[in-house]
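Structural characterization, general
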Amino acid sequence: QKEVEQNSGPLSVPEGAIASLNCTYSDRGSQSFFWYRQYSGKSPELIMFIYSNGDKEDGRFTAQLNKASQYVSLLIRDSQPSDSATYLCAVNGNNFNKFYFGSGTKLNVKP
Amino acid sequence: DAGVIQSPRHEVTEMGQEVTLRCKPISGHDYLFWYRQTMMRGLELLIYFNNNVPIDDSGMPEDRFSAKMPNASFSTLKIQPSEPRDSAVYFCASSSAGGIGNTIYFGEGSWLTVV
């Protein structure tokens, strides 16, 4: 079982809609949870992280964490074509320094 | 601030040749990571260092792969001999020591093609 699971997609949404990306993880000891965005041919770049149950908002992005269900999600409001990318979920473990990545969900935002 | 710097950006080599990938982490970061990314397997952690010491190399696929970090500002990932299945993007990343919310930052990657 992989440490972090994501639906590979592609997830297609129209411009202006809310995109919902989901991730599950296997290690209950995971402490912090990250969302990275990766454009084609580029390196992953950090969008935001969350470590407490509930929601955390940053601009058009909201991360949601449910540790009991071992589930983390990313909502993108008012999706733009420029949001089209692969979104990687990552978690780190008890020592905070080993990061596991999911395989990513490809998002297409159609104009 | 300069980010993580990797070289070469692109390399095409023949099967059996030695490949050396290089990385300069962000100054002041205590942790350095080597990841490999392929379509089939996604982003895999190969090895990571703390203060120049290898901490976990369980992701290194086989003995053909080796990594070193001779000082705080330089690391290498070597493949000898290279095989076509090693074709992938190799990312170096670094992070500072810390607790919750400690994040890692990626270099631009080294795109390796073994023919």
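Scope of this entry: the structure provided in the associated data block. Every value quoted in this text rests on a predicted model; they were computed, and no experiment measured them.

Points about the overall build of chain B
Each helix and strand counted, chain B has zero helices and eleven strands in total. For 115 residues, the compact-globule estimate of 2.2 N^0.38 gives 13 Å, and the C-alpha radius of gyration of chain B, at 13 Å, lies within 12% of that figure. Expressed along its principal axes, the backbone C-alpha trace of chain B runs to roughly 40 × 30 × 30 Å. Going through the 115 residues of chain B one by one, you find that 49% of them count as buried.

Quick notes on the sheet that holds strand β3 (residues 19-24) of chain B
Residue and element names in this part refer to chain B. Across the sheet, which stays open at both edges, the four strands sit in the order β1-β3-β8-β7 with antiparallel pairing between neighbours. Sheet topology places β1 (5-7) and β7 (65-71) at the edges, where each strand pairs with a single neighbour. Neighbour to neighbour, the strand axes of the sheet diverge by 15° on average, direction disregarded. Sheet topology places β3 next to strand β8 (residues 74-79); five bridges connect them, and they run antiparallel. If you follow Val19 over to β8, its bridge partner there is Ile79.

With respect to the pattern of salt bridges
Residue and element names in this part refer to chain B. What the rule picks out here adds up to 13 salt bridges over all chains. Across the pair Arg9 and Glu108 runs a salt bridge, and its minimum N-O distance is 2.8 Å. Of this pair, Arg9 sits in the loop between β1 and β2 (10-13) while Glu108 sits in the loop between β10 (105-106) and β11 (110-114); the two residues are 99 residues apart in sequence, bridging distant segments of the chain. Looking at Glu108, the relative accessible area reads 48%, which means it is partly exposed. Ionic pairing is found between Arg85 and Glu83, a salt bridge with its closest N-O pair at 2.6 Å. Accessibility expressed as a relative area gives 55% for Arg85, which makes it exposed.

A closer look at the interface of chain B and chain A
Every contact between the two is made by 25 residues of chain B and, on the other side, 21 residues of chain A. In total, chain B and chain A occlude about 1800 Å² of area from one another, counting both sides; carbon and sulfur atoms represent 60% of this. On the chain B side of the interface with chain A, the three residues burying the most area are B:Leu43, B:Ile100 and B:Phe106, jointly 27% of the side's total. The tally of links from chain B across to chain A stands at one salt bridge. With a shortest N-O distance of 2.2 Å, B:Asp56 and A:Lys98 are connected by a salt bridge. There are five residue pairs in polar contact (both at pLDDT 80 or more) connecting chain B and chain A. Put simply, the parts of the chain that give the side of chain B that touches chain A at least two residues each are β4 (31-38), β5 (42-50) and β9 (88-95) of chain B.

Quick word on the packing of aromatic side chains
All names here are of chain B. Summed over the entire model, instances satisfying the criterion amount to 15 aromatic pairs over all chains. Pairing Tyr31 with Tyr48 gives two aromatic rings, centres 6.3 Å apart and planes at 35°, and the pair type is tilted. Linking Tyr31 in strand β4 with Tyr48 in strand β5, this pair joins segments that are 17 residues apart in sequence. With a relative accessible area of 11%, Tyr31 lands in the buried category. Overall, Tyr48 belongs to the buried group, its relative accessible area being 3%. Ring geometry for Phe91 and Phe106: centres 5.9 Å apart, planes at 85°, overall edge-to-face.

Section: the nonpolar core
A general feature of soluble globular proteins is that nonpolar side chains tend to end up buried together. Residues A:Trp35, A:Val72, A:Leu74, A:Ile76 and A:Tyr87 are the most contacted members of the largest nonpolar core, which totals 23 residues. Elements with a minimum of two residues in this core: β3 (19-25), β4 (32-38), β5 (45-50), β7 (61-66), β8 (71-76), β9 (85-92) and β11 (105-110) of chain A. Judged by nonpolar contacts, the second largest core, of 21 residues, contains B:Leu46, B:Phe65, B:Tyr90 and B:Cys92.

Considering the pairing of β5(B)
Residues and elements named next belong to chain B. When you tally the buried positions in β5, you get nine out of nine residues, the bulk of the element. Bridge count for β4 against β5 is eight bridges, and the pairing is antiparallel. Within β5, the position partnered with Arg36 by the bridge is Glu44. With antiparallel pairing between neighbouring strands as the criterion, β4 and β5 make up a hairpin whose turn holds three residues. Relative to strand β6 (residues 53-56), β5 runs antiparallel, the two sharing three bridges. The residue bridging Tyr48 from the neighbouring strand is Asp56, located in β6. Counting the residues that bridge the hairpin from β5 to β6 gives two residues, and of these Asn51 lies at a positive phi of roughly 50°.

Definitions and cut-offs
Residues numbered from 1 in each chain as written. Chains lettered and ligands numbered in written order. Predicted model: local features only at pLDDT ≥ 70, side-chain atom pairs only at ≥ 80, totals over all residues. Heavy atoms only, no water. Helix = DSSP H or I, 4+ residues; strand = E, 2+ residues; numbered from the N terminus. Rg over C-alpha atoms; globule rule 2.2 N^0.38 Å. Buried < 20%, exposed > 50% of the residue type's maximum accessible area, 1.4 Å probe, protein only. Pairing = 2+ DSSP bridges. Axes fitted to C-alpha atoms, helices over the stretch in contact; angles between N-to-C directions. Salt bridge = Lys/Arg side-chain N within 4 Å of Asp/Glu carboxyl O. Contact = heavy atoms within 4.5 Å. Buried area = accessible area lost by both parts, 1.4 Å probe. Polar contact = N/O pair within 3.5 Å; in protein donor to acceptor, adjacent residues only side chain to side chain. Phe/Tyr/Trp six-rings, centres within 6.5 Å; stacked < 30°, edge-to-face > 60°. Core = buried A, V, L, I, M, F, W, Y, C linked by side-chain atoms within 4.5 Å.

All quantities given are derived from atomic positions and should not be read as evidence of function.
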